[in-house]
Amino acid sequence: STPAGEAHIGAVGGDVAKAAVTFGPTASTTYTTGQVLLAATEISNAGRVAGGTGLVTSLGLALAVANTVQVDAIVFSSQPSGTYAAGATFGLAAADLAKVSKVFHLTDWTALGTAACWGQAPAETRFYKCDDATKTQSLWVLLVARGSITLASATDATLSLRLSRN
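Residues numbered from 1 in each chain as written. Predicted model: local features only at pLDDT ≥ 70, side-chain atom pairs only at ≥ 80, totals over all residues. Heavy atoms only, no water.

1. Considerations on the side chain of D156
Part 1 of the argument: Counting through the fold element by element, D156 comes out in the loop between β11 (149-151) and β12 (157-165).
Part 2 of the argument: Despite being buried, D156 has no salt bridge partner; R146 is the closest side chain of opposite charge, sitting 20 Å away.
Part 3 of the argument: Not counting residues within four places of it along the chain, the set of residues in contact with D156 comprises F23, A62, L63, A64, V65 and L151. (Helix = DSSP H or I, 4+ residues; strand = E, 2+ residues; numbered from the N terminus. Buried < 20%, exposed > 50% of the residue type's maximum accessible area, 1.4 Å probe, protein only. Lys, Arg positive; Asp, Glu negative; His and termini not counted. Salt bridge = Lys/Arg side-chain N within 4 Å of Asp/Glu carboxyl O. Contact = heavy atoms within 4.5 Å.)

Below you can see the structure in the form of structure tokens.
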């Protein structure tokens, strides 16, 4: 028999979580280099347990518009304290530096017709750890444009993550 507890037994193939966030402006907006595309957004249940760890096995961005410019996805281990509103110029608050877990550069864009594309971070897994101090199971992600991107509606973009939770 197996005693009660947090022992992780089984889960052949790993404990996988998927997350998707759809976003965009309420009216057509052009974001320029260094502006926030997606304000810091919580990805809940990223950790299997509070303060848990895992690997980001894929991170992609689907856009309803053509795009070739880089977008950076900044992953935080706990909720950032700075104000990072969509459309604002990004500048990391000093208090948030220790919270940055990883930065993914979405540089590989594939056209999916005349007005749609898919961007993906390079094929590499990245370790993350949810914050121990707050005992959370969440990560936070924000996106920063590294060139000019125009989004026209609230459903023009979808950020997708696949996480292998330890």
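Next, the rest of the story.
2. Considerations on the packing of aromatic side chains
Part 1 of the argument: Throughout the structure, instances matching the rule amount to two aromatic pairs.
Part 2 of the argument: Geometrically, the ring pair formed by F76 and Y84 is stacked, given 6.3 Å between the ring centres and 25° between the ring planes.
Part 3 of the argument: A relative accessible area of 0% places F76 in the buried class.
Part 4 of the argument: By relative accessible area, Y84 is classed as buried at 6%.
Part 5 of the argument: Where Y84 meets F90, the ring centres are 5.5 Å apart and the plane angle is 40°; that geometry is what we call tilted.
Part 6 of the argument: Through a chain of ring-to-ring contacts, three or more aromatic side chains come together here, namely F76, Y84 and F90. (Phe/Tyr/Trp six-rings, centres within 6.5 Å; stacked < 30°, edge-to-face > 60°.)

3. Concerning the confidence of the model for the protein chain
Part 1 of the argument: Scored by pLDDT, the protein chain comes out at a mean of 80, with 78% of its residues at no less than 70.
Part 2 of the argument: The spread of mean pLDDT over the elements of the protein chain runs between strand β9 (residues 126-129), the lowest at 65, and strand β2 (residues 29-31), the highest at 92. (pLDDT = per-residue confidence, 0-100.)

4. Observations concerning the nonpolar core
One broad trend across soluble globular proteins is that nonpolar side chains are buried collectively.
Part 1 of the argument: Among the nonpolar cores identified, the biggest contains 31 residues, and F23, L37, L61, L143, L151 and L159 are the most heavily contacted of them.
Part 2 of the argument: Going through the elements one at a time, β1 (15-23), β3 (36-43), β4 (53-63), β5 (71-76), β6 (100-106), β10 (139-145), β11 and β12 are the ones with two or more residues in this core.
Part 3 of the argument: Sequence-distant contacts of F23, that is, excluding residues within four places in its chain, are made with L37, L38, L61, L143, L151, S153, A154, T155, D156, A157, T158 and L159.
Part 4 of the argument: F90, W140, L142 and V144 belong to the second largest nonpolar core, which has eight residues in total. (Core = buried A, V, L, I, M, F, W, Y, C linked by side-chain atoms within 4.5 Å.)

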